[in-house]
Amino acid sequence: MLAAEHWALELARAAGLRTARTRLETFGTRDALVVERYDRTEDHRRIHQEDFTQVLGIASAAKYDQSTAAPSRLAQVAATASLHSRNAAAFKSELLKAVAFNVLVGNGDAHSKNYSVLIRETGEVELAPLYDVAPTLLLYARSSNAGHSVAGQARLNYITLDHLVREAGSWGMDVEEARAGVTGILVAAAEAHASVPQRLAHLPALVAARAEDLIAGSTARRQL
Ligand SMILES: Nc1ncnc2c1ncn2[C@@H]1O[C@H](COP(=O)(O)OP(=O)(O)O)[C@@H](O)[C@H]1O
Ligand SMILES: [Mg+2]
């Protein structure tokens with residue numbers, strides 16, 4: 001799992017997303033994922049952070065979005081947070097790409113505590129770098145919860161490009177721009193290279209095939 005998370009975050013960064021920086025390290029007999037904090041300034045002052053349950057004032061226990069009713073939870077975050085961002089369209093576009101990347105890599109844990117915003121002293125809000133991203137669906141297939149409903153679809157297995165585009169449309173994004181943004185991140189992730197450990201050597205080809213599936217308008221395969 002540690003190696004898979006490290007790989008997924010490296011892949012996201014190589015595809016052009018902002019991510020927490022991680023490295024694998026061993027302490028005695030323990031393997032660890034060392035994560036560099038993103039919520040500190042260069043002079044070590046804190047940057048206030050809120051995850052999406054905090055942004056919306058909902059209970060931590062409700063972190064998995066089960067609702068398929070509109071407005072979606074993601075639409076509520078997009079509306080609330082983008083209002084205080086430097087550029088609302090850019091905030092939404094970045095959020096959409098993050099959600100699309102999590103669908104692509106089969107992250108069954110992309111719930112409201114695994115996305116956050118940073119709030120600067122000026123009050124300016126920005127999406128926090130991606131963190132806690134792992135291809136759980138491709139490793140265990142235990143849960144197929146998407147974490148957040150996308151255009152009314154709460155099951156990760158069934159989310160398509162069309163769902164992502166319609167979801168972004170509900171945030172007020174231009175749908176053609178949304179389609180181009182999602183396709184762009186899928187292509188970039190399929191082409192990006194990140195060091196993949198031996199045990200997970202099947203993942204890059206699988207993720208590239210999933211990107212092809214999604215770009216073609218279907219659901220993404222779970223096996224090659
Ligand atoms: N690199 C980071 N810098 C600052 N805060 C972080 C970083 N990574 C995660 N966090 C914060 O810590 C919380 C827990 O981290 P996470 O990686 O999700 O751990 P867990 O696997 O326990 O869920 C996150 O919800 C996020 O708000
Ligand atoms: Mg987490």
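As a convention, each chain's residues are numbered from 1 in the sequence order in which they are written. Following the order in which they are written, the chains are lettered starting with A and the ligands numbered starting with 1. At least 70 in pLDDT is required for a residue's local features to be given in this predicted model, at least 80 for side-chain atom pairs to be given and counted, and no such filter applies to totals for whole chains, interfaces and linings, which use all residues. Side-chain numbers come from the whole structure's heavy atoms, not from hydrogens or water.

Under an unreviewed UniProt entry, the name given to the protein chain is HipA domain-containing protein, and the organism recorded is Pseudarthrobacter humi. Turning to the protein chain, the UniProt record has this under Sequence similarities (unreviewed entry): "Belongs to the HipA Ser/Thr kinase family." UniProt positions are given in the numbering used here, feature names are shortened, and annotations may be inferred rather than shown by experiment.

Participant: Please give an account of the site of ligand 1 that cites residues and values.
Facilitator: It suffices for a single heavy atom of a residue to lie within 4 Å of a molecule or strand for the residue to be listed as near it. With respect to spatial proximity, the complete set of residues near ligand 1 consists of Ala20, Val35, Glu36, Arg37, Tyr38, Asp39, Gln49, Lys113, Asn114, Ser116, Tyr131 and Asp132. In the analysis that follows, any N or O atom pair within 3.5 Å is treated as a polar contact, provided that within protein one partner can donate a hydrogen and the other can accept it, and provided that, for residues neighboring in sequence, both atoms belong to side chains. Here a nitrogen atom of ligand 1 and a backbone polar atom of Glu36 are 2.9 Å apart. With respect to ligand 1, the side chain of Gln49 contributes an N or O atom lying 3.1 Å from an oxygen atom. Only the protein chains shown count as cover for residues, and the accessible areas themselves come from Shrake-Rupley with a 1.4 Å probe. Alone, ligand 1 offers 540 Å² of accessible surface; in the complex the protein occludes 59% of this. Here the shell around ligand 1 is built from residues that sort into four nonpolar, three polar and five charged. The residue classification treats Ala, Val, Leu, Ile, Met, Phe, Trp, Tyr, Cys and Pro as nonpolar and Asp, Glu, Lys and Arg as charged. All others, Gly included, are polar.

Participant: For the coordination of the magnesium ion (ligand 2), give the residues involved together with the corresponding values.
Facilitator: Ligating atoms shown are N, O and S within 2.8 Å of the metal, or 3.2 Å for Na, K and Ca, and water is not included, meaning a site may look less than complete. The protein atoms that coordinate the magnesium ion (ligand 2) are Asn114 (OD1) and Asp132 (OD), at distances spanning 2.0 Å. Here the residue Asn114 occupies a position in the loop between helix H4 (88-104) and strand E4 (116-119), and Asp132 occupies one in the loop between strand E5 (125-127) and helix H5 (136-139), the gap between them amounting to 18 residues. For Asn114, a relative accessible area of 6% gives the class buried. Each residue is assigned to one of three classes by its accessible area relative to the maximum for its type, calculated with a 1.4 Å probe on protein chains only: buried under 20%, partly exposed between the two thresholds, exposed over 50%. Note on Asp132: relative accessible area 30%, which makes it partly exposed. A helix here means a DSSP run of H or I that spans at least four residues, while a strand means a run of E at least two residues long, and both kinds are numbered starting from the N terminus.

Participant: Mind laying out the side chain of Thr19, listing which residues take part and the relevant values?
Facilitator: Its location among the elements puts Thr19 in the loop between helix H1 (2-14) and strand E1 (22-27). Judged by relative accessible area, which is 10%, Thr19 ranks as buried. Side chain to side chain, Thr19 and Arg13 meet in a polar contact 2.9 Å long. Sequence-distant contacts of Thr19, that is, excluding residues within four places in its chain, are made with Leu9, Ala12, Arg13, Pro129 and Leu130. Residue contacts are counted whenever heavy atoms from the two residues lie within 4.5 Å of one another.

Participant: Run through the packing of helix H7 (residues 175-191) against helix H8 (residues 203-215), naming residues and quoting values.
Facilitator: Axes here refer to lines fitted to C-alpha atoms; in helices the fit is confined to the stretch in contact. Angles between the N-to-C directions go from 0 to 180 degrees. For the pair H7 and H8, the least separation of the axes is 9 Å and the interaxial angle reads 160 degrees. Taken together, H7 and H8 sit at an angle that is classed as roughly antiparallel. Relative to H8, H7 is oriented so that their crossing is left-handed. Judged by residue contacts, Thr183, Leu186, Val187 and Ala190 of H7 engage Ala208, Ala211, Leu214 and Ile215 from H8. Its residues placed into classes, the contact of H7 with H8 shows seven nonpolar, one polar and no charged. The scheme is simple: roughly parallel for angles under 35 degrees, roughly antiparallel for over 145, roughly perpendicular for 65 to 115, oblique for anything else. Take the far helix as the reference: if the near one is turned anticlockwise from it by less than a right angle, the crossing is left-handed, and if turned clockwise, right-handed.

Participant: Now, about the sheet that holds strand E3 (residues 48-51): what can you tell me, with residues and values included?
Facilitator: Here we have three strands laid out as an open sheet, ordered E3-E4-E5, and antiparallel in their pairing. Where the open sheet ends on each side, the last strands, each with one partner, are E3 and E5. Taken over all neighbouring pairs, the strand axes of this sheet differ in orientation by 30 degrees on average, direction set aside. The sheet contact formed by E4 and E5 spans three bridges and is antiparallel. One bridge is not enough; two strands pair if DSSP finds at least two bridges between them.

Participant: Pulling in residues and values, what's your account of the environment of Lys97?
Facilitator: Relative to the assigned elements, Lys97 resides in helix H4. Judged by its relative accessible area of 28%, Lys97 falls in the partly exposed class. For the pair Lys97 and Leu17, spaced 80 residues apart in the sequence, the C-alpha separation amounts to 7.8 Å. Setting aside anything within four residues of it in sequence, one finds Lys97 in contact with Leu17, Gly181 and Ile185.

Participant: Please give an account of H4 that cites residues and values.
Facilitator: With 17 residues, H4 should reach 24 Å at 1.5 Å per residue; the first-to-last C-alpha distance of 24 Å fits that figure. Buried within H4 we find Phe91, Lys92, Leu95, Leu96, Ala98, Val99, Ala100, Phe101, Asn102, Val103 and Leu104. Measuring from the backbone nitrogen of Ala89 back to the side-chain oxygen at the start of H4 gives 3.1 Å, which picks out Asn87 as the cap. Positioned one or two residues after H4, Gly106 has a phi angle of 70 degrees, which is positive. One less than the number of residues in a helix, times 1.5 Å, gives the span that helix is expected to have.

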